[in-house]
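Residues per chain are reported as follows:
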Amino acid sequence: MIEVIEVEKSYGRKKILKGISFTAKKGEITCLIGMNGVGKTTVLNAIMALTPINKGKILIDGSPLDKTGLEKITFIPDTITMLPKMTIAEAMEFMNDFYTYWNQERANELLGFFRLNRKDRISSLSKGNAAKVNLMLGLALDVDYVLMDEPFSGIDMFSREEITNVFTSHLIENRAVIITTHEVGDIEHLIDKVVLLDDGLVTKEFSAEEARENEGKSVIDVMREVYQ
Ligand SMILES: Nc1ncnc2c1ncn2[C@@H]1O[C@H](COP(=O)(O)OP(=O)(O)OP(=O)(O)O)[C@@H](O)[C@H]1O
């Protein structure tokens, strides 16, 4: 489990996170939802220790973040970080050389799943295919925790569909996934847990299924209540 406990973060004098707490469990997709600029990426960066926090704690499987904890997590940023001149095959080789937990079999399966051509250059990819390569590179690591920053942002409907299909496949099962988004739309049915962020705080953390079954509310219904 990832536990984010009372985390505070300022950039200069601007306080972005004012004491954020939530958990993300294995076998669940946790969705961090909030308007643009609320601090979703900052939360992911804090979990990955890419940005120092001012207060609070982040625990991975009960322990503070250290090198071992970080090796259990993959962070899939919202833009591809591979060199544009690389082919997909070269990007895969790079990941294989760099990461102990790279799983070539899983990478090949993801390539097939997304119908990607390993000879294509990163620079020649459409936005949708670049997003798929990005996901393939992150998901091919055999790690328990997957952080995805806006995986659906700015891509067409069919690519979105293919990407959502990955979430319901065995390629994800048993991992803890944290996704950030500012629009829930067509991923609503995939989400197990919702964490709503507003003005530096978690305004609500709830199970999507419980809201549906107990209150007959969709995630969007709950968001309307909280934000309006
Ligand atoms: N390195 C930085 N230095 C200063 N300010 C920053 C830095 N990174 C982010 N910010 C500011 O912190 C706030 C939160 O940014 P963040 O990217 O975490 O938001 P977000 O919720 O992910 O937004 P979006 O949905 O637009 O991606 C924004 O006001 C942003 O301008």
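What counts and how
- Residues numbered from 1 in each chain as written.
- Predicted model: local features only at pLDDT ≥ 70, side-chain atom pairs only at ≥ 80, totals over all residues.
- Pairing = 2+ DSSP bridges.
- Helix = DSSP H or I, 4+ residues; strand = E, 2+ residues; numbered from the N terminus.
- Domains from an automatic or database assignment.
- Contact = placed C-beta atoms within 7 Å.
- Nonpolar A, V, L, I, M, F, W, Y, C, P; charged D, E, K, R; others polar.
- Axes fitted to C-alpha atoms, helices over the stretch in contact; angles between N-to-C directions.
- Parallel < 35°, antiparallel > 145°, perpendicular 65-115°, else oblique.
- Left-handed = near helix turned anticlockwise from the far one by under 90°.

Our next topic: the sheet that holds strand β1 (residues 2-11). Ordered in space as β2-β1-β4-β5, the four strands form an open sheet in which the pairing is antiparallel. The open sheet has two edge strands with one neighbour each: β2 (14-24) and β5 (63-64). Relative to β2, β1 runs antiparallel, the two being bridged by eight bridges. Following the sheet pairing, Val4 is matched in β2 by Phe22.

Turning our eyes to something else, we now look at the domain arrangement of the chain. The domains assigned to the chain are domain 1 (1-72 + 145-151 + 174-228) and domain 2 (78-143). Each of domain 1 and domain 2 was reduced to a C-alpha centroid, and the two centroids are 25 Å apart. Contact residues are listed per partner, giving six residues for domain 1 and six residues for domain 2. A class-by-class count of the residues in the side of domain 1 that touches domain 2 yields three nonpolar, no polar and three charged.

All right, on to the sheet that holds strand β3 (residues 29-33) then. Pairing within the open sheet is mixed, and its six strands lie in the order β6-β7-β8-β3-β9-β10. What marks the edges here is a single partner per strand, and that holds for β6 (73-76) and β10 (201-207). The sheet shows a mean angle of 15 degrees between the axes of neighbouring strands, direction not considered. Pairing geometry for β6 and strand β7 (residues 145-149), over four bridges, is parallel. Looking at β7, one finds that Ile73 is bridged to Tyr145. Sheet strands touched by helix α5 (residues 127-139): β6 and β7. Its angle to β6, the strand with the most contacts, is close to 175 degrees.

Attention now moves to the packing of α5 against helix α6 (residues 157-167). For the pair α5 and α6, interaxial distance at closest approach is 10 Å and the crossing angle is 15 degrees. Considered as vectors, α5 and α6 are oriented roughly parallel to each other. Considering the relative orientation of α5 and α6, their crossing is right-handed. Where α5 abuts α6, its residues Gly128, Ala131, Lys132 and Leu135 lie against Ser159, Glu162, Ile163 and Val166. Here the residues of the contact of α5 with α6 sort into four nonpolar, two polar and two charged.

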